[in-house]
Amino acid sequence: GGAVAQPLAGTDATDGHQTAGDHHCQCQQYVGFKILFEIAEKHGFFLYQTHPQRKTIVFGDTKFMHGAESFNGHINHINRNEQAQEFIEKAGLKKLSGTDYHDAGQPLTAGIFIPKEICDNSELANYLRNNQPLLYCDDITYKSKLRRKV
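Definitions and cut-offs
- Residues numbered from 1 in each chain as written.
- Predicted model: local features only at pLDDT ≥ 70, side-chain atom pairs only at ≥ 80, totals over all residues.
- Heavy atoms only, no water.
- Helix = DSSP H or I, 4+ residues; strand = E, 2+ residues; numbered from the N terminus.
- Buried < 20%, exposed > 50% of the residue type's maximum accessible area, 1.4 Å probe, protein only.
- Contact = heavy atoms within 4.5 Å.
- Arc of directions from axis to C-beta.
- Pairing = 2+ DSSP bridges.
- Salt bridge = Lys/Arg side-chain N within 4 Å of Asp/Glu carboxyl O.
- Phe/Tyr/Trp six-rings, centres within 6.5 Å; stacked < 30°, edge-to-face > 60°.
- Core = buried A, V, L, I, M, F, W, Y, C linked by side-chain atoms within 4.5 Å.
- Polar contact = N/O pair within 3.5 Å; in protein donor to acceptor, adjacent residues only side chain to side chain.

(A) Representation of the overall build of the chain within the structure. When you go through the chain residue by residue, the secondary structure sums to four helices and eleven strands. Each of the 150 residues in the chain was classed as buried or not, and the buried ones make up 40%. A separation of at least 24 residues holds for 59% of the contacts in the chain among residues at least 6 apart in sequence.

(B) Broad picture of helix α1 (residues 33–43). Every buried residue of α1 is listed here: F33, L36, F37 and A40. One face of α1 carries all of its buried residues, which in axial projection span an arc of 100°. In the stretch just after α1, G44 is the one whose phi turns positive, near 80°.

(C) Structural context of unusual backbone geometry. Its identity is not glycine, yet R80 carries a phi of approximately 50°, on the positive side. Within the secondary structure layout, R80 lies in the loop between β8 (67–72) and α2 (81–91). Accessibility expressed as a relative area gives 27% for R80, which makes it partly exposed.

(D) Seen up close, the sheet that holds strand β6 (residues 48–49). Spatially, three strands are ordered β6-β8-β9 in an open sheet, and the strand pairing comes out parallel. The open sheet is flanked by β6 and β9 (94–98), the only strands paired with a single partner. With two bridges connecting them, β6 and β8 associate as parallel partners. Bridged to Q49 within β8 is A68.

(E) Inspection of the pattern of salt bridges at higher detail. Taken as a whole and judged by the stated rule, the model has four salt bridges. For K34, the salt bridge identified is with E38, shortest N-O distance 3.7 Å. With K34 and E38 both in helix α1 and four residues apart, this pair spans about one turn of that helix. Given the relative accessible area of 45%, K34 is considered partly exposed. Classification of E38 as partly exposed rests on a relative accessible area of 43%. The closest approach of N and O atoms between D61 and K63, which form a salt bridge, is 3.6 Å.

(F) Main features of the packing of aromatic side chains. All told, the structure shown has three aromatic pairs when counted by the stated rule. Between F46 and Y48, the aromatic rings sit 6.1 Å apart at their centres with planes inclined by 35°, giving tilted as the arrangement. Plain terms: the ring middles of F113 and Y136 are 6.0 Å apart, the flat faces sit at 70° to each other, and that makes the pair edge-to-face. Highlighted residues: F113 in strand β10 (residues 110–113) and Y136 in strand β11 (residues 134–137), separated in sequence by 23 residues. Residue Y136 is classed as partly exposed on the basis of its relative accessible area, which comes to 31%.

(G) Molecular detail of the nonpolar core. Ranked by size, the top nonpolar core spans twelve residues in total: F33, L36, F37, A40, L47, F59, F64, M65, A68, A84, I88 and L93. Listing elements by their share of this core, those giving two or more residues are α1 and α2. Take this core: its biggest share by element is four residues, from α1. With six residues, the next largest nonpolar core counts F46, L96, A125 and L128 among its residues.

(H) How the structure looks around helix α3 (residues 121–130). Regarding α3, the residues found buried are A125, Y127 and L128. Projected down its long axis, α3 carries its buried residues within an arc of 165°, all on one side. For α3, the side-chain oxygen to backbone nitrogen distance between the N-cap and S122 is 3.1 Å, and the N-cap itself is D120.

So, in C-alpha coordinates, the structure goes:
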(Lines give C-alpha, C1' and ligand atoms only; values in the text may rest on other atoms or scores of the structure.)
Protein backbone atom coordinates (compact mmCIF):
# COMPACT_ATOMS: atom_id res chain seq x y z
CA GLY A 1 0.00 0.00 0.00
CA GLY A 2 0.95 3.64 -0.41
CA ALA A 3 1.64 6.24 2.21
CA VAL A 4 -1.32 7.78 4.02
CA ALA A 5 -0.96 11.43 4.95
CA GLN A 6 -3.25 12.67 7.71
CA PRO A 7 -3.16 16.51 7.85
CA LEU A 8 -4.41 16.57 11.43
CA ALA A 9 -1.99 13.91 12.58
CA GLY A 10 0.38 13.71 15.50
CA THR A 11 2.85 11.05 16.51
CA ASP A 12 2.00 8.64 19.29
CA ALA A 13 4.82 8.68 21.83
CA THR A 14 4.39 5.02 22.68
CA ASP A 15 5.15 3.57 19.26
CA GLY A 16 6.19 6.43 16.95
CA HIS A 17 3.35 5.84 14.48
CA GLN A 18 1.25 8.58 12.97
CA THR A 19 -2.16 8.90 14.54
CA ALA A 20 -5.39 10.47 13.39
CA GLY A 21 -6.51 12.27 16.49
CA ASP A 22 -6.21 9.63 19.17
CA HIS A 23 -6.87 6.69 16.81
CA HIS A 24 -4.09 4.84 14.99
CA CYS A 25 -4.07 5.07 11.21
CA GLN A 26 -4.46 1.68 9.61
CA CYS A 27 -1.75 2.23 7.03
CA GLN A 28 1.45 0.44 6.08
CA GLN A 29 3.70 3.47 5.67
CA TYR A 30 3.77 6.59 7.82
CA VAL A 31 4.49 10.09 6.57
CA GLY A 32 6.61 12.48 8.64
CA PHE A 33 5.84 16.14 9.19
CA LYS A 34 8.50 17.35 6.71
CA ILE A 35 7.03 15.37 3.82
CA LEU A 36 3.48 16.24 4.84
CA PHE A 37 4.43 19.94 5.05
CA GLU A 38 6.00 19.82 1.57
CA ILE A 39 2.78 18.29 0.22
CA ALA A 40 0.72 20.95 2.00
CA GLU A 41 2.86 23.76 0.61
CA LYS A 42 2.71 22.35 -2.92
CA HIS A 43 -1.08 22.00 -2.88
CA GLY A 44 -2.03 25.04 -0.77
CA PHE A 45 -3.15 23.13 2.35
CA PHE A 46 -2.91 24.54 5.84
CA LEU A 47 -1.11 22.11 8.16
CA TYR A 48 -1.58 22.31 11.90
CA GLN A 49 -1.15 19.85 14.73
CA THR A 50 -3.98 18.91 17.05
CA HIS A 51 -3.61 17.97 20.71
CA PRO A 52 -0.01 19.25 20.88
CA GLN A 53 0.46 18.83 24.63
CA ARG A 54 -1.39 15.60 25.39
CA LYS A 55 0.89 13.09 27.06
CA THR A 56 0.51 10.54 24.25
CA ILE A 57 1.41 13.00 21.49
CA VAL A 58 4.93 14.03 20.49
CA PHE A 59 4.85 17.53 19.02
CA GLY A 60 6.16 17.65 15.44
CA ASP A 61 8.93 19.94 14.24
CA THR A 62 7.43 23.45 14.19
CA LYS A 63 9.40 24.31 11.03
CA PHE A 64 7.05 21.97 9.20
CA MET A 65 3.64 23.24 10.25
CA HIS A 66 1.60 26.41 9.89
CA GLY A 67 -0.13 26.27 13.24
CA ALA A 68 -1.36 24.17 16.12
CA GLU A 69 -4.38 23.73 18.33
CA SER A 70 -3.91 26.06 21.30
CA PHE A 71 -7.23 25.11 22.92
CA ASN A 72 -8.91 21.72 22.78
CA GLY A 73 -12.37 21.64 24.31
CA HIS A 74 -12.88 17.90 24.71
CA ILE A 75 -14.15 17.45 28.26
CA ASN A 76 -13.07 13.81 28.58
CA HIS A 77 -9.37 14.47 28.04
CA ILE A 78 -6.63 16.25 29.92
CA ASN A 79 -5.58 18.59 27.12
CA ARG A 80 -3.03 20.80 28.94
CA ASN A 81 -4.27 23.83 27.01
CA GLU A 82 -2.15 26.30 28.98
CA GLN A 83 1.05 24.46 28.02
CA ALA A 84 -0.10 24.23 24.41
CA GLN A 85 -0.77 27.98 24.31
CA GLU A 86 2.68 28.81 25.70
CA PHE A 87 4.48 26.44 23.34
CA ILE A 88 2.63 27.68 20.26
CA GLU A 89 3.29 31.33 21.12
CA LYS A 90 7.03 30.63 21.62
CA ALA A 91 7.14 28.80 18.27
CA GLY A 92 5.32 31.66 16.50
CA LEU A 93 2.65 29.37 15.05
CA LYS A 94 -0.93 30.26 14.14
CA LYS A 95 -3.42 29.21 16.81
CA LEU A 96 -6.63 27.26 16.32
CA SER A 97 -9.27 26.08 18.76
CA GLY A 98 -11.29 22.90 18.38
CA THR A 99 -14.06 21.07 20.21
CA ASP A 100 -12.76 17.59 19.42
CA TYR A 101 -16.48 16.82 19.17
CA HIS A 102 -17.03 13.06 19.03
CA ASP A 103 -20.00 12.39 21.32
CA ALA A 104 -23.64 13.40 20.98
CA GLY A 105 -24.51 15.92 23.66
CA GLN A 106 -20.92 17.02 24.20
CA PRO A 107 -20.86 20.78 24.85
CA LEU A 108 -19.50 23.00 22.10
CA THR A 109 -16.59 24.52 23.99
CA ALA A 110 -14.29 25.66 21.19
CA GLY A 111 -14.00 26.84 17.60
CA ILE A 112 -12.90 29.74 15.42
CA PHE A 113 -14.65 32.88 14.18
CA ILE A 114 -13.96 33.88 10.59
CA PRO A 115 -15.25 37.35 9.64
CA LYS A 116 -15.95 36.52 6.00
CA GLU A 117 -17.83 33.92 4.00
CA ILE A 118 -15.70 30.92 3.09
CA CYS A 119 -16.96 28.86 0.13
CA ASP A 120 -14.49 25.98 -0.08
CA ASN A 121 -11.46 24.31 1.51
CA SER A 122 -9.00 26.33 -0.57
CA GLU A 123 -10.47 29.61 0.68
CA LEU A 124 -10.38 28.34 4.25
CA ALA A 125 -6.73 27.23 3.95
CA ASN A 126 -5.80 30.57 2.37
CA TYR A 127 -7.58 32.51 5.11
CA LEU A 128 -5.95 30.48 7.88
CA ARG A 129 -2.50 30.75 6.28
CA ASN A 130 -2.73 34.56 6.09
CA ASN A 131 -4.77 35.45 9.18
CA GLN A 132 -5.10 34.58 12.83
CA PRO A 133 -8.79 33.80 13.33
CA LEU A 134 -10.52 34.82 16.53
CA LEU A 135 -10.63 31.82 18.85
CA TYR A 136 -13.69 30.67 20.73
CA CYS A 137 -12.56 28.98 23.95
CA ASP A 138 -15.34 28.36 26.46
CA ASP A 139 -12.87 27.65 29.23
CA ILE A 140 -15.50 28.02 31.99
CA THR A 141 -17.76 25.29 30.55
CA TYR A 142 -14.72 23.17 29.70
CA LYS A 143 -13.25 23.35 33.22
CA SER A 144 -16.57 22.84 35.04
CA LYS A 145 -17.46 19.78 32.91
CA LEU A 146 -13.91 18.43 33.27
CA ARG A 147 -14.02 18.80 37.07
CA ARG A 148 -17.19 16.72 37.21
CA LYS A 149 -15.49 13.90 35.30
CA VAL A 150 -12.25 13.82 37.33
